Amino acid sequence: MEHTLLCVLLLLNTHIYSGHSEDDDALPVASVSVSPQGLLYSGETVTLQCVIPDYTDWRYLWFRDNQHLPSQTSNSITFPIIQTGQYRCGGMRRDRPQRSQPSGYVTISVTALPKATLTVDPNPVFPGETVTLTCSVGSDSIWNYQWYKDRNDNVLSQSVRHTITGDTLTISRAAESDQGLYWCQGEIQSRSISIISDPVTITLNALPVASVSVSPQGLLYSGETVSLQCVIPGYTYWTYYWYKNNQHLPDETSKVIDITIHTTQTGLVGQYRCQGTRTDQPQRSQPSDDFPISVTALPKVTLTVEPNPVFPGETVTLTCSVGSDSRWNYQWYKDRNDNVVSQSGYSNIGVSHIRRADVSDQGQYWCEGNRASRPTSSPPSNAITLTVKDYQPKTTLTSDKEDVFTGDSVTLSCTVESSGWKFYWYRHRPDSTPVTTTSVYSYTLSWVSVSDGGQYWCRAGRGDPVYYTLYSDPVQINITERPVAVLTLQPNWTQIFIRETVTMRCDIQGGGDSDWNYRWYKNSQLVIPFNTKPEYRISPVYRSNSGSYTCVGVKGNKFSKTSEAVNLSVSDQPQPVLSISPQWLNPGASVSLSCEVHRTSTDWRFSWYRTVPYRAGLPSLSDKSYSLQPLSDNGTSEDSYTLIPAGPTPTGGYVCRAGRGDPVYDTLYSEPQFLWSGDLQPSVSLRVNQCMTLCYIL
């Protein structure tokens, strides 16, 4: 068998080298397929398959560089690629056809692994730009790619900003987080082949920052033109974009823009910022910060004209002031813009004078300021019309009182048209030395005496030198001694009791008897502000009416002196004390009854009573325990009463009471006192002594 196979091999090999005959055309033709396809790299394993169509049961023969490979008899052989060579195959079988035509040559060549090259464009990169990373292997297109950043385990994948297409990684809107070390890896996954590029560092450079500068510096004023410049350091060839209050200004594309501020505009004009773009890197700048353009109103100019109106011959002062700390040059205009009537050097306040004013000086005046530094001019002041009168003014003198009492005050008022005057006051003669000078139009004489009376004049003056008005007409001031109020109590009792009637009378001494009204005070507090009658009646009085009373006379705006105080003391209703002397009466003797009211009270009239059993129609006590029988019809003005018995001995109880005033005010009844007859029987006497309240001797 081995001998037969050897013969076939020799035959087949002969055919391979010598070509084939016409009979060979009917034999099936072997072919060799290679896996993997394409370039083969060192270290790979390759599989060759011998394909003979239409027949089966083949035994395969393999040759390398025409050398038989006896160990390879399968339809496929697999071996590591170590060296290059030419491979072909053929087949043998027992049945017909017993052999195949040999395959053509397949060259197995070994290619060195290519080098992966990573390129980054652009690098360095600026924020917001797009970066393209390309991994180039330089061979066929069967490679797949992976991308790494900073670490071997940090594989970049598709994301919003990372786009992977074939051998390209695109990073859009580059940010600081994109900085770092990158490399790529090419691989043929089915053949376990991979190559890694050298790492490349991506650097993110900061965008240049735009800034806005302004000219002129410092405060900006209404009516000025301001220039804004967009400064972007480090690069050139920019296209500029300007924004105001976050709104793009499409017409402004220059590096410098001019803004004209309206003359009436003040405060914040707007927030300006700029930004640049260009073709090269960096393609844009960071926007500048917002730059506020704030406008300061031009300093206010104030013109004052003193005095105004003015009288012929007076001096007029025109004062122009610009509301700032700087020194200005001032100009004054009259009626027209081209009519400069005065100007001053540089000073904080400009002053101009019109001396010996005349009617021709009348007109409209205004002023303005100028200086070398910004703002170079002020707005004009408001116009003021100067009025020049054609006469010398006269004062008018009035007095708030003409007839006054000593101790009063008198206010003189001197009025004159316009303002800014000082006032001069004269007494007795207008051409005398002024008694005083005031800066206000009134002069008050306080606590006047009789010697302050007489005629008064006034006049006014102003300016330097002083310009005087005419004298006023005189005013006569009459001063008399102040009348005195005298308060009397009627009746003039030192002791007053509740429910009595009291009348106080206020008499004005030295002030005439008519046209007076009266004010009444208690303990210095006004109790009756106005009373046309001089009397103040209190009926009835109570303890609450006690106090110190005074009165004042009032006539128009004049007052008398306050009266001396009268003290009113109100006590409870008094009860008199009755005494009988002697209490034991001998036959034929007289008895003296004495009734005493409060020792400080006066003007009483006394009534005398004898107690009798209760009888209707007679005075009696509230409990009607007994009645009182008067001893006389009219009573007595004396506080004693003599009882001369004309008949039987008047033994019994006696009571007294006092009354005064109109209407009559009565005291309480006295406690009863008893008169004892000297001839009373002892039993009767004992009986009387045993009485606890009253005993009646019938």
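Just so you know, these numbers come straight off a predicted model, no measurement behind them. (Residues numbered from 1 in each chain as written. Predicted model: local features only at pLDDT ≥ 70, side-chain atom pairs only at ≥ 80, totals over all residues. Heavy atoms only, no water.)

## Focus on the overall build of the chain
Helix and strand counts for the chain stand at 2 helices and 59 strands. Since a compact globule built from 698 residues should have a radius of gyration of about 26 Å, the 71 Å found for the chain marks it as more spread out than a globular shape. Expressed as lengths along the three principal axes of its C-alpha atoms, the size of the chain is roughly 215 × 110 × 30 Å. Counting over 698 residues, the chain shows a buried share of 41%. Here the contacts in the chain between residues at least 6 apart in sequence split such that 62% fall between residues at least 24 apart. Entry remark: accessible area of the chain is about 38,200 Å², with carbon and sulfur atoms responsible for 48%. Taken together, the 53 basic and 63 acidic charged side chains of the chain have centroids lying 7 Å from each other. (Helix = DSSP H or I, 4+ residues; strand = E, 2+ residues; numbered from the N terminus. Rg over C-alpha atoms; globule rule 2.2 N^0.38 Å. Buried < 20%, exposed > 50% of the residue type's maximum accessible area, 1.4 Å probe, protein only. Contact = heavy atoms within 4.5 Å. Areas by Shrake-Rupley, 256 points an atom, 1.4 Å probe, with all protein chains shown as cover. Lys, Arg positive; Asp, Glu negative; His and termini not counted. Charge placed at Lys NZ, Arg CZ, Asp CG, Glu CD.)

## What to know about unusual backbone geometry
For the bond running from Q281 to P282, omega is -15 degrees, close enough to zero to count as cis. Looking at the secondary structure, you find P282 in the loop between β23 (267-277) and β24 (291-296). In this structure, the amide linkage connecting N308 to the following residue, P309, adopts the cis form with an omega of 5 degrees. Positionally, P309 belongs in the loop between β25 (301-306) and β26 (316-322). Although it is not a glycine, N245 adopts a positive phi angle of roughly 50 degrees. Mapped onto the elements, N245 comes out in the loop between β20 (239-244) and β21 (247-248). At N246, a residue that is not glycine, the phi angle is positive and equals roughly 70 degrees. Following the sequence through the fold, N246 ends up in the loop between β20 and β21.

## Some points on the sheet that holds strand β31 (residues 384-386)
Spatially, β28-β27-β30-β31 is the arrangement adopted by the 4 strands of the open sheet, whose pairing is antiparallel. Both edges of this open sheet fall to β28 (340-343) and β31, since each of them pairs with a single strand only. On average, adjacent strands in this sheet sit at an angle of 30 degrees to one another, irrespective of strand direction. In this structure, strand β30 (residues 363-370) lies alongside β31, joined through 3 bridges in antiparallel fashion. Across the sheet, the residue bridging to G363 is L386, located in β31. (Pairing = 2+ DSSP bridges. Axes fitted to C-alpha atoms, helices over the stretch in contact; angles between N-to-C directions.)

Everything listed here is a matter of geometry and, on its own, says nothing about what the molecule does.
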